[in-house]
Amino acid sequence: MKEFMEQIECAQTIGITGHIHPDGDCIGSCLALRQYISEKYPEKQTDVYLEPISDEFLFLSGAGQILTIPKNEKYDLFFVLDCSSEDRFEPFSSLVRNADTVFCIDHHISNQGMGNYCIADPKASATCEVLCDLIPLEEVSLKCAECLYTGIVHDTGVFKHSNTTKKTMIYAGELLEKGIHHSKIIDETFFQKTYVQNLALGRALLNSRLFCDGTIICSGLSQEELDQLGAVPSDVNGIIDQLRVTKGAETAVFLYPLKNGGVKVSMRSNGKVNVSSIAQEFGGGGHILAAGCTMFGSFEQIEKQLLPKIKEQL
Ligand code: AMP
Ligand code: MN
Ligand code: MN
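The rules behind these values
- Residues numbered from 1 in each chain as written.
- Chains lettered and ligands numbered in written order.
- Predicted model: local features only at pLDDT ≥ 70, side-chain atom pairs only at ≥ 80, totals over all residues.
- Heavy atoms only, no water.
- Near = heavy atom within 4 Å.
- Polar contact = N/O pair within 3.5 Å; in protein donor to acceptor, adjacent residues only side chain to side chain.
- Areas by Shrake-Rupley, 256 points an atom, 1.4 Å probe, with all protein chains shown as cover.
- Helix = DSSP H or I, 4+ residues; strand = E, 2+ residues; numbered from the N terminus.
- Donors = N, O, S within 2.8 Å, 3.2 Å for Na, K, Ca; no water.
- Buried < 20%, exposed > 50% of the residue type's maximum accessible area, 1.4 Å probe, protein only.
- Domains from an automatic or database assignment.
- Buried area = accessible area lost by both parts, 1.4 Å probe.
- Salt bridge = Lys/Arg side-chain N within 4 Å of Asp/Glu carboxyl O.
- Nonpolar A, V, L, I, M, F, W, Y, C, P; charged D, E, K, R; others polar.
- Pairing = 2+ DSSP bridges.
- Axes fitted to C-alpha atoms, helices over the stretch in contact; angles between N-to-C directions.
- Contact = heavy atoms within 4.5 Å.

## Examining the site of ligand 1
The local shell around ligand 1 holds 13 residues, among which Arg 88, His 108, Lys 264, Ser 266 and Arg 268 are the closest. A distance of 2.4 Å separates an oxygen atom of ligand 1 from a polar atom in the side chain of Lys 264. For ligand 1, an oxygen atom lies 2.8 Å from a polar atom in the side chain of Arg 268. Protein burial of ligand 1: of its 480 Å² of free accessible surface, 86% is covered by the chains. Listed by contribution, the elements that provide at least two residues to the shell around ligand 1 are β9 (263-269), β10 (285-286) and β11 (290-295). Ranked by residue count, the leading element in the shell around ligand 1 is β11, at four residues.

## With respect to the coordination of the manganese ion (ligand 2)
His 19 (NE2), Asp 23 (OD), Asp 23 (OD) and Asp 82 (OD) make up the full set of protein donors to the manganese ion (ligand 2), lying at 2.1 to 2.7 Å. All donors of the manganese ion (ligand 2) belong to a single chain; written as a sequence motif, their spacing is H-x3-D-x58-D. A relative accessible area of 1% means that Asp 82 is categorised as buried.

## So, the domain arrangement of the protein
For the protein, the domain assignment lists domain 1 (2-191) and domain 2 (199-313). Relative to domain 2, the C-alpha centre of domain 1 lies at a distance of 26 Å. Where domain 1 abuts domain 2, roughly 930 Å² becomes buried across the two surfaces, and 47% of that area is made up of carbon and sulfur atoms. For the domain 1 face of the interface with domain 2, the top three residues by lost area are His 21, Ile 109 and Ser 110, together amounting to 44%. At the boundary of domain 1 and domain 2, one finds zero salt bridges. There are four residue pairs in polar contact (both at pLDDT 80 or more) connecting domain 1 and domain 2. Here the side of domain 1 that touches domain 2 is built from residues that sort into one nonpolar, seven polar and three charged.

## A closer look at the sheet that holds strand β3 (residues 77-81)
One open sheet holds the five strands; their spatial order is β2-β1-β3-β4-β5, and the pairing between them is parallel. At either end of the open sheet lies a strand with only one pairing partner, and these are β2 (45-49) and β5 (117-120). Pairwise comparison of adjacent strand axes, ignoring direction, gives a mean angle of 15° for this sheet. As defined by bridge partners, β3 adjoins strand β4 (residues 101-106) across five bridges and the pair is classed as parallel. Directly across from Leu 77, in β4, lies its bridge partner Thr 101. Across the sheet, helix α4 (residues 127-134) is in contact with β3, β4 and β5; its angle to β4 comes to roughly 115°.

## Notes on the sheet that holds β10
Taken together, six strands build an open sheet; the order of strands is β6-β7-β8-β9-β11-β10 and the sheet is mixed. Where the open sheet ends on each side, the last strands, each with one partner, are β6 (209-211) and β10. Examined bridge by bridge, β10 and β11 share two bridges and lie antiparallel to one another. Bridge pairing in β11 places Gly 286 opposite Ala 291. In the packing of helix α8 (residues 195-207) onto the sheet, the strands contacted are β6, β7 (216-220) and β8 (251-257), and the crossing angle to β7 comes to about 130°. Seen against the sheet, helix α12 (residues 299-313) touches β6, β7, β8, β9 and β11 and runs at an angle of roughly 155° to β8.

## Points about unusual backbone geometry
In this structure, His 21 takes a positive phi of about 50° despite not being glycine. Positionally, His 21 belongs in the loop between β1 (13-17) and α2 (24-40). Exposure remark for His 21: the relative accessible area of 29% places this residue in the partly exposed category.

## What to know about the pattern of salt bridges
Opposite charge on two side chains makes pairing possible when the charged atoms of those side chains draw close. Scanning all chains against the criterion turns up ten salt bridges. The partner of Lys 40 in a salt bridge is Glu 139, with the nearest N and O atoms 3.3 Å apart. Of this pair, Lys 40 sits in helix α2 while Glu 139 sits in the loop between α4 and α5 (142-155), and the two are 99 residues apart along the sequence. Residue Lys 40 is classed as partly exposed on the basis of its relative accessible area, which comes to 36%. Assessed through its relative accessible area of 33%, Glu 139 is described here as partly exposed. A salt bridge links Glu 86 to Arg 97, with the shortest nitrogen-to-oxygen separation between them at 2.9 Å. Here the residue Glu 86 occupies a position in the loop between β3 and α3 (93-98), and Arg 97 occupies one in helix α3, the gap between them amounting to eleven residues.

Laid out in structure tokens, this is it:
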């Protein structure tokens, strides 16, 4: 915590980024940190860099100022949040590399240390929870609290996943006391789906197939199917969670195409299988029960590689 504060105090220009396909925790943590720094040190320049974010997060403070194209700037300090490897913040990696000091804050078990300083707590439910450890809660404003709460809500599946601890709930309670509209945040950023998102979910459920006596469920959406529906990558968020709650399923796998020609693999486990170890074998990472990686080839070829690894653990 001392180093976190000292590094912020010493820096005049500060960059913040998170992983590609930013989720609620990634967006929430980046914007919460920017909000905190710009309130405490209005004289400092603080820029957040992320790929375009989904509309439901635009109400968060600072969302409108997120930069999607790297500026030609050398930052004194760069924070990398919710992210454990360079390929995950690839669009902005040159900015991070050029910065004088890199400070990583994360909660992925696969994080093996990155940058000059790295705080990666795999017991924390979200990067936003790690930020609650670092930022004195009495200094958290309503706007900052909204960002932190959003991140925690998303990474815990609304306080439902096994990563939710007493500490998570205590922090959530503290954030509620700041006056945030918690039910609105949960409904509008987590549960509400656009018509197109629901169509994508429906198509993915129809495409799904069971393996190993129904203990593994796999599905995917091709670029053609996404185009037909008018869906963009962020429209598939949440599909994997519906696959996971299929009765009898131990592990769920969801595949969709990435811009770089690769295939995004999302995996979820209900307990028996450590999907982080499988994702790491294919160059990805994540948590024991929720992990991902990028693979190449047809959906069928990818399933053929993944299924034996999952079966080994069942
Ligand atoms: P997702 O399936 O994209 O929701 O990701 C599940 C978890 O795994 C999240 O905590 C991600 O940050 C992490 N994750 C997903 N893809 C990767 C990857 N290629 N490398 C490292 N971690 C990943
Ligand atoms: Mn994330
Ligand atoms: Mn996270």
